[in-house]
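Examining the three-dimensional arrangement
One letter stands for each residue in the lines below.
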Amino acid sequence: MIRYCVNCDEERTLQVERRRQSLVVKGEHIEFEAPVLVCKECSEIVADPDYDDAVLRTAHDLYRARHGLLTSSEIVELRRRYGFSQRALSRLLGWGEVTIQRYEKGVIQDRAHDEVLRSLRDPRRVLELLDRGSGKLTPAERERFRARAQAILEQESSAWLVREAESVLRYCGPDLYNGFRNFGLDRFTGAVTWFATHVERLSKTKLAKLLWLADFKHFRDHGVSITGATYARLPFGPVPHRFELLLGLAVESGAVMLVEESFGDYVGNVVLSRKPVDQGVFDEKELAALEFVLKRFGQYSAKKLSELSHQEAAWLNSAQGEPISYDGTRRMRILDSPPNSPHHGRGHDKGE
Ligand SMILES: [Zn+2]
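Along each chain, residues carry numbers from 1 onward, in the same order as the chain's sequence is written. Totals for whole chains, interfaces and linings use every residue, but because this is a predicted model, local features are given only for residues with pLDDT of at least 70 and side-chain atom pairs only at 80 or more, for both listing and counting. Hydrogens and water are ignored here; the side-chain numbers use all heavy atoms of the structure.

1. Some points on the nonpolar core
As a reminder of what qualifies: Only buried Ala, Val, Leu, Ile, Met, Phe, Trp, Tyr and Cys residues count toward a nonpolar core, and they belong to the same one when joined by side-chain atoms within 4.5 Å. Burial classes: relative accessible area under 20% of the type maximum marks a residue as buried, over 50% as exposed, and values in between as partly exposed (1.4 Å probe, protein chains only). Going along the chain from the N terminus, every DSSP run of H or I of four or more residues is numbered as a helix, and every run of E of two or more is numbered as a strand. When checking whether two residues touch, look at their non-hydrogen atoms; a contact exists if any pair is within 4.5 Å.
The biggest cluster of nonpolar side chains holds 51 residues, and the ones touching the most others in it are Phe195, Leu207, Leu211, Leu213 and Phe297. Those elements giving two or more residues to this core turn out to be helix H7 (139–169), helix H8 (185–198), helix H9 (204–222), helix H10 (243–252), helix H11 (284–297) and helix H12 (302–310). Among the elements that line this core, the one with the most residues is H9, at 9 residues. In this view, Leu207 contacts Val192, Phe195, Leu202, Phe243, Leu247 and Val271; residues no more than four positions away in its chain are not counted.

2. A word on H10
Structural remark: α-helix, 3.6 residues per turn; residues separated by three or four positions point the same way. Note the cut-off: It is the directions from the helix axis to the C-beta atoms whose arc is reported.
Buried within H10 we find Phe243, Leu246, Leu247, Leu249 and Ala250. In a view along the axis of H10, the buried residues occupy a sector of 155°, so they form one face of it. Of the surrounding secondary structure, the elements contacted by the buried residues of H10 are H7, H8, H9, strand E5 (237–240) and strand E6 (256–263). A positive backbone phi angle near 85° is found at Gly254, which sits one or two residues after H10.

3. Considerations on the coordination of the zinc ion
Ideal donor angles around a metal are set by the shape: a four-donor tetrahedron calls for 109.5 degrees, a six-donor octahedron for 90 or 180 degrees. Selection criterion: Distances decide who is a donor: an N, O or S atom must be within 2.8 Å of the metal, or within 3.2 Å for Na, K and Ca. Water is not included, so sites may look incomplete. Irregular is the default label, applied whenever a site is not tetrahedral (four donors, all angles between 85 and 135 degrees) and neither square planar nor octahedral (four or six donors, opposite donors over 155 degrees apart, all other angles between 65 and 115).
The coordination sphere of the zinc ion, as far as protein atoms go, consists of Cys5 (SG), Cys8 (SG), Cys39 (SG) and Cys42 (SG), spread over 2.2 to 2.3 Å. Each of the 4 donor atoms around the zinc ion contributes to a set of angles spanning 102 to 114°, which defines the coordination as tetrahedral. Considered as a linear motif, the donors of the zinc ion on their single chain read C-x2-C-x30-C-x2-C. Remark: Cys42 occurs in the loop between strand E3 (28–39) and helix H1 (49–66) and Cys5 occurs in strand E1 (residues 2–5); sequence separation between them is 37 residues. With a relative accessible area of 2%, Cys5 lands in the buried category. According to the relative accessible area criterion, Cys42 is partly exposed, its value standing at 23%.

4. Structural notes on the confidence of the model for the protein
To keep it simple, the criterion reads: The quantity called pLDDT is the predictor's confidence in a given residue, expressed from 0 to 100.
For the protein, mean pLDDT is 89; residues scoring 70 or higher make up 95% of the total. Least confident of the elements in the protein is helix H13 (residues 313–316), whose mean pLDDT is 70; most confident is helix H5 (residues 111–119), at 97.

5. Concerning the pairing of strand E7 (residues 266–273)
Threshold: Each pair of strands is called paired provided DSSP finds at least two bridges between the two strands.
Judged from the 8 bridges that link them, E6 and E7 form a sheet pairing that is antiparallel. Bridge pairing in E7 links Val259 to Val270. Adjacent in sequence and paired antiparallel, E6 and E7 are bridged by 2 residues, among which Gly264 carries a positive phi angle near 65°.

6. Points about a negative patch on the surface
Our working definition: Grouping into patches uses exposed residues only, defined as over 30% relative accessible area, and leaves out salt-bridged ones; the cut-off is 9 Å for like charges and 5 Å for nonpolar side chains (Val, Leu, Ile, Met, Phe, Trp, Tyr). The Shrake-Rupley method, run with a 1.4 Å probe, gives the accessible areas here. Residue values count only the displayed protein chains as cover. By definition here, a salt bridge exists when the distance from a side-chain nitrogen of Lys or Arg to a carboxyl oxygen of Asp or Glu is within 4 Å. Under the convention used here, Asp and Glu are negative, Lys and Arg are positive, and both His and the chain ends fall outside the count. Think of each charge as sitting on NZ of Lys, CZ of Arg, CG of Asp or CD of Glu.
Taken together, Asp9, Glu10, Glu11 and Glu41 make up a surface patch of like negative charges. With respect to the element layout, Glu41 can be found in the loop between E3 and H1. By relative accessible area, Glu41 is classed as exposed at 55%.

7. Remarks on the packing of aromatic side chains
Quick note on the threshold: Pairing of aromatic rings covers Phe, Tyr and Trp, the last counted by its six-membered ring, and requires centre-to-centre distances within 6.5 Å; plane angles under 30 degrees mean stacked, over 60 mean edge-to-face, and any other angle means tilted. Charge-over-ring placement is defined geometrically: NZ (Lys) or CZ (Arg) within 6 Å of the ring centre, and within 35 degrees of the ring normal.
One pass over the full model with this rule turns up 11 aromatic pairs. Seen from their ring centres, Phe219 and Tyr326 are 5.2 Å apart, and the 55° between their planes marks the pair as tilted. Placement of the pair is Phe219 in helix H9 and Tyr326 in the segment after H13, with a sequence separation of 107 residues. Relative accessible area serves as the criterion here: at 6%, Phe219 is assigned to the buried category. Feature note: the residues Phe180, Trp212, Phe216, Phe219, Tyr231 and Tyr326 constitute an aromatic cluster, connected by ring pairs. A cation sits over an aromatic face here: Lys217 above Phe292, 4.1 Å from the ring centre.

8. Considering the domain arrangement of the protein
This is how it is decided: Boundary definitions for the domains trace back to an automatic or database domain assignment. Buried area, as used here, totals the accessible surface that two parts lose on assembly, with accessibility defined by a 1.4 Å probe and the loss added over both. Distance and chemistry together define a polar contact, namely a pair of N or O atoms within 3.5 Å, with one atom able to donate a hydrogen and the other to accept it when in protein, and with adjacent residues in sequence counting only for side-chain atoms on both sides. Side-chain classes follow a simple rule in which Ala, Val, Leu, Ile, Met, Phe, Trp, Tyr, Cys and Pro form the nonpolar group, Asp, Glu, Lys and Arg form the charged group, and the remainder, Gly included, forms the polar group.
Once the domains are mapped, the protein shows domain 1 (2–66), domain 2 (72–165) and domain 3 (185–335). Placing the centre of domain 2 and that of domain 3 at their C-alpha centroids yields a distance of 44 Å. Each partner contributes residues to the interface: domain 2 has 4 residues there, and domain 3 has 4 residues. When residues of domain 2 are sorted by the area they lose upon contact with domain 3, Ser158, Leu161 and Val162 head the list and together hold 82% of the total. In this structure, the connection of domain 2 to domain 3 is made through 0 salt bridges. There are 0 residue pairs in polar contact (both at pLDDT 80 or more) connecting domain 2 and domain 3. Class assignment for the residues of the side of domain 2 that touches domain 3 results in 3 nonpolar, 1 polar and no charged.

9. Brief notes about the packing of H9 against H11
As a reminder, the rule being used: Axis definition: a line fit to C-alpha positions, over the contact stretch in the case of helices; interaxial angles, taken between N-to-C directions, run 0 to 180 degrees. The scheme is simple: roughly parallel for angles under 35 degrees, roughly antiparallel for over 145, roughly perpendicular for 65 to 115, oblique for anything else. We call a crossing left-handed when the near helix sits turned anticlockwise from the far one by less than a right angle, and right-handed when that turn is clockwise.
At a minimum axis separation of 9 Å, H9 and H11 run at an interaxial angle of 130°. Judged by the inter-axis angle, H9 sits oblique to H11. Two packed elements cross with a definite hand, and for H9 against H11 that hand is right-handed. In this structure, H9 contributes Lys206, Leu210, Leu213, Ala214, Lys217, His218 and His222 to the contact, and H11 contributes Lys285, Glu286, Ala289, Leu290, Phe292, Val293 and Phe297.

10. Quick word on the pattern of salt bridges
Two side chains bearing opposite charge may form a pair once their charged atoms approach each other closely. One pass over the structure, following the stated rule, counts 24 salt bridges. Linking Arg66 and Glu28 is a salt bridge whose minimum nitrogen-to-oxygen distance equals 2.9 Å. With a gap of 38 residues between them, Arg66 in helix H1 and Glu28 in strand E3 connect regions that are remote in the sequence. Residue classification places Glu28 among the partly exposed residues on the basis of a relative accessible area of 22%. What emerges from the salt-bridge pattern is a single network uniting Arg87, Arg91 and Glu97.

Right, dumping it as structure tokens:
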């Protein structure tokens, strides 16, 4: 490329080089490397609108990143996700027509605008704005954007549900009712999947007992539960607190599915695994506890397990509906019963 060089006062050949740049943005020194046009003869930088804009945008983006503001490319990405043009997004927000265009070119947004933009990462917020009829969009535009935002919302909702639920479920610190471990949805789902993989025709009732046994077994051996679940004393034995919700989340995450099957004259749900348990969710000791429970109790019927659990001190010492303390595991006879005890048998399993 031949261009006039101010320094040489001659037409010169230019080339692109990465050079160290130092700019002051809003009173702050920003240093970085960026491609610039350089005179081959004298090595001086030659001004060029495109390269200058890029350098300025880079400096501004570094400033933005440093101050926790969305960068120009993040704003572009956010806008494109919903299929907005620069103008349409400005209109939706009731801002000046060229506001978004300027931000994408590198003008630094103030914090209030940044927060508004940031909130649009949540498609529910976009739908809210569209529904409220704010901004100056045509009905057709509004409809098109709504469909897009709705689709994104659906895509994300499962992941959200699981994430939000986990933060709600992780409510209390480690104590005797969760086996000194904060509840972990990934671990719980992992244990559910693990049993669903290894036990045929796994009913929900039986799953609840196997989880209880595995958590309590691991607590007895190592002083901490596997999943952090709390078990409540219910009429047919211990059941994880919010079991239906937790199972629903495991289904939602795609780890397992519930299928109706008949158990004699009963119709109940069987838990089937849909994908293998994530590697690394459980360590060797935890896997050993799961294996132990599978080997010892995997063939028991839900009814048998329910009867056995009723003989436990841990069970007898809790009131109906109340959480069962992990404290009683030392005296859990069920964990010590030999594999071929008289309790062993394939009883008629009831689904629910
Ligand atoms: Zn020159």
